[in-house]
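What follows is each chain in one-letter form.
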Amino acid sequence: METMDTQYNHHSNKHSQQHQHPQQLPRRQSNIDEIPADVGKLRDNRKGRHNSLFVSPTSGISSASTDDFSRITSMTSDRSSIITSNSGGSSDQQIPDYETGNEENDGRLKKLHYAAVEFLKVQSNYVQYLKEMAVLYPEYMERFGKRMNRDLLAPHNGHENVVLQIKKIMVQILPIHEMLLKEIDTVCSNWDSRQPNMSKTIGTFADFLKCCQPFLDNKADFLTKLLQLRNEDKEFDEATYMFETEVFKRGKKGAVIQQLDQVHQNFMRYKLLMLRYSEYLLEGSEEKKRAEEAIAKLETVTQAVNQKMGLPTTEELTKLYYRFQCQFNVLEPGRVLIRQGEVMKQTRKEEQPRFLVLFTDCLWICRVSSSQQFEMNRSYRIPLEYMRFERMEADEYVRCLMVRSKVKSAVIIFGSEKERNQWADDLTKAQFDRKSYKRRQSTAVQKHDENKLKMKKLMMLSEKNSDEEIQRPSTINGSSRSTSGSHDEDTSSSVPVTPLDIGDAPFGDEEIPRNGSKKQTVADVIKPVWLPDNISNECLMEGCSTEFNLINRRHHCRDCGWLICKYCKGQAPLAKFEYSKQNVCSECYDRQFEIYKAGTLFPTRNIVIQSDGTHLVKIGKRDRQEVVDPRSLFKHPTNLGFRHRNVEQKRAGSIVFGRIFMRHRKSEQLRHALIRREDLKLVVYKAELDSKPILEVLIYGYLYRETQLDDGWLFELVHRNQIKTDDAKDEVIAFRVDNNTSAKKWSAALADKLEMDPTHRSTF
Ligand SMILES: [Zn+2]
Ligand SMILES: [Zn+2]
């Protein structure tokens, strides 16, 4: 599967490639089902644990000159205003080692130094952002409009265009932030952790944050106007999507609307940075005092802003930021906290506590350490657009939500059904919002590509009629210009050169075959939910039913998650595990083997053809791929051709089915019981999916009793004969049902089929 990363790499290599090997160019893909390989992984943390607060660690003018961003910036007329004064400068500076003779102190000084440099990076990125919104966005819209002979920045409803309104305010904020950037840069360039002096700069700046107030006052209005304009004006909308795609990296940095969050998030960001910085200062030092003053100032400003804008309290976000061990950017533009809470997760053996955090763009399933922090290497971040979830319906599972994704699949258990439903509702809404944005963006990109292709065809036709160089398509000229380093706009071209026309796949890319013989879908790579061990005491393959014990251990199919025995276990390569050899059940084995025989299992890009014509395949994760004989990845199970047992059948064929606690004298045991519709037998199983019952009784001839308990309902079946003789107490079948919904069903079923014991008073 092609990842986003490699797409970008290909993309930025196009300039050098396209003249030599146009036919080998990768197809530009806009399929939203493509999943980036780094989904769910933590950000690269090698640069230090504070990375997460960067606005965007990779963006910026100092990156390779062929990327989309600098292409666009290089095309703007006011180039000098785009380039940050720090590009490639002190922001990349190395943190030196300190040698004071005290190892602990050396470590502290280095961390302090790092925290100081962090201010520089954050501020540099923020200034970059302000320029993107104040300069780049309006210019982009203007150019885009020009190509369609339209003014996309024309007044709207009698008011100045909102893009220009935003520009006006941003331009006012910009100089103060540039000034601060310069000051922080100066402090950092002369930095010595033994005489730290960042607090004064930040503290003074906190007073100036007031300058952002006009923007914040108008933010809601900007948002409404932008949304309105995008809804009413399709071309404005398309242009904005393209801006988001190219400048904000296909929405990786969020949409324009979400980016408006940057301004107020920046307040909070400074507070968090200052807290961090202050941690490494010596108690009682002058700088520590100043740092605390600065924090207090920032806190006041932030609190006021968040309150005014109806955002989560700063305490809540600060706490979360620390629980994520400063490794997850809770302040990313457009990322808003929706809901968080404690849950249980069904694991193979038991239920374990977890902490769920839902943001507008992702769901975290966190493992909590004893210090209440999240264990980052054992927690999972699932992007909402790549997630599926399902409310489980059976009575015992009404508190459960099944979450499935490429990253992690699990059954999550909430405190109550109501809580489960609230989470599910929020998830549905967040996912809908996220997906519809991505879809609209993808449509805009696609439409744009199509238009461009049409135009290029037109140009190629006219070129055929003339050998004159001047009539070559402007796109080719544009590309060669940008690689040769000349950025002058070709005014003689008959087609206005917009930033969008340059560097994309050349004419004819529609003929390039797609990579891979089979398009991978989300379903192919979603991890299975493992059935818990205690759900069955026997192999779940039809016709096998081998009982599990010390010799016949439980195995899990890595493709479907079912419980199987060693005879039903084979091995096969699975897409969800990068085609490595995995344990599978006989049904999944058959399917994988059939697909393999049909020649569509492995994507073509994974296939290596040898000189003798035989095929090998590349398997494993990108960083440690192996090339192997595909046949070595299959091992057929002893029980070949076995299928999944229909585990729904039992439930479907019963009047009532559920978890019960069988009572015997004073003790209770968890069991699963049903009343079978066809023969009206009460059947009790040790485990929910067992096929062999441990008890089977025809219920006719019994009277029933029911009693409400503190922890559920007690049902007793007493044989008519027993009541008369009043002996053999052991023959009473007694069980407790702890789930209220289920208890009502048991009560209704028994009342329908049996008579109540006249000597007993019903409490239902
Ligand atoms: Zn399977
Ligand atoms: Zn089996």
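Above this text is the structure in question.
The rules behind these values
- Residues numbered from 1 in each chain as written.
- Chains lettered and ligands numbered in written order.
- Predicted model: local features only at pLDDT ≥ 70, side-chain atom pairs only at ≥ 80, totals over all residues.
- Heavy atoms only, no water.
- Salt bridge = Lys/Arg side-chain N within 4 Å of Asp/Glu carboxyl O.
- Buried < 20%, exposed > 50% of the residue type's maximum accessible area, 1.4 Å probe, protein only.
- Pairing = 2+ DSSP bridges.
- Helix = DSSP H or I, 4+ residues; strand = E, 2+ residues; numbered from the N terminus.
- Axes fitted to C-alpha atoms, helices over the stretch in contact; angles between N-to-C directions.
- Donors = N, O, S within 2.8 Å, 3.2 Å for Na, K, Ca; no water.
- Tetrahedral: all angles 85-135°; square planar, octahedral: opposite > 155°, others 65-115°.
- Expected span 1.5 Å × (residues − 1).
- Contact = heavy atoms within 4.5 Å.

J.: Got a minute to help me understand the pattern of salt bridges in this structure?
T.: Proximity of charged atoms lets side chains of opposite charge pair with each other. Across all of its chains, the model carries 41 salt bridges by this definition. Across the pair glutamate 668 and arginine 663 runs a salt bridge whose closest N-O atoms are separated by 2.9 Å. Here glutamate 668 falls in the partly exposed class, since its relative accessible area comes to 31%. The partly exposed category is assigned to arginine 663, whose relative accessible area is 30%. Through salt bridges with shared partners, a single ionic network connects Glu538, Glu547, Arg645 and Lys692.

J.: Would you mind showing me how to read the sheet that holds strand S4 (residues 380-383) here?
T.: Think of a sheet as strands paired side by side through backbone hydrogen bonds, with each pair either parallel or antiparallel. Across the sheet, seven strands lie side by side as S4-S3-S2-S1-S7-S6-S5; this open sheet has antiparallel pairing. If you trace the sheet from one side to the other, it starts and ends with S4 and strand S5 (387-391), each paired once. For this sheet the average axis-to-axis angle between neighbouring strands, irrespective of direction, equals 30°. Pairing of strand S1 (residues 337-346) with strand S2 (residues 351-359), which is carried by nine bridges, proceeds in the antiparallel orientation. Following the sheet pairing, lysine 345 is matched in S2 by glutamine 352.

J.: Just to check I follow, could you spell out the coordination of the zinc ion (ligand 2) for this structure?
T.: Six octahedrally arranged donors around a metal ideally form angles of 90 or 180 degrees; four tetrahedrally arranged donors ideally form angles of 109.5 degrees. Coordination of the zinc ion (ligand 2) by the protein comes from Cys539 (SG), Cys544 (SG), Cys565 (SG) and Cys568 (SG), over a distance range of 2.2 to 2.3 Å. Relative to the metal, the four donor atoms surrounding the zinc ion (ligand 2) lie at angles of 104 to 115°, and the coordination shape comes out tetrahedral. Of note, the donors binding the zinc ion (ligand 2) are all from one chain and are spaced C-x4-C-x20-C-x2-C. A residue pair is termed long-range when its members are at least 10 positions apart, and cysteine 544 in the loop between helix H14 (522-525) and strand S8 (555-556) and cysteine 568 in the loop between strand S9 (563-564) and strand S10 (569-574) qualify at 24 residues. Taken individually, cysteine 544 and cysteine 568 each receive the classification buried, so the pair is uniform in this respect.

J.: Any chance you could explain helix H15 (residues 586-597) here in plain terms?
T.: At 3.6 residues per turn, the α-helix brings residues three or four places apart onto the same side. For H15, with 12 residues, the first-to-last C-alpha span of 16 Å sits near the 16 Å given by 1.5 Å per residue. Every buried residue of H15 is listed here: Ser586, Cys588, Tyr589, Asp590 and Gln592. Where the residues of H15 are buried, they touch S10 and strand S11 (580-585). In the stretch just after H15, glycine 599 is the one whose phi turns positive, near 80°.

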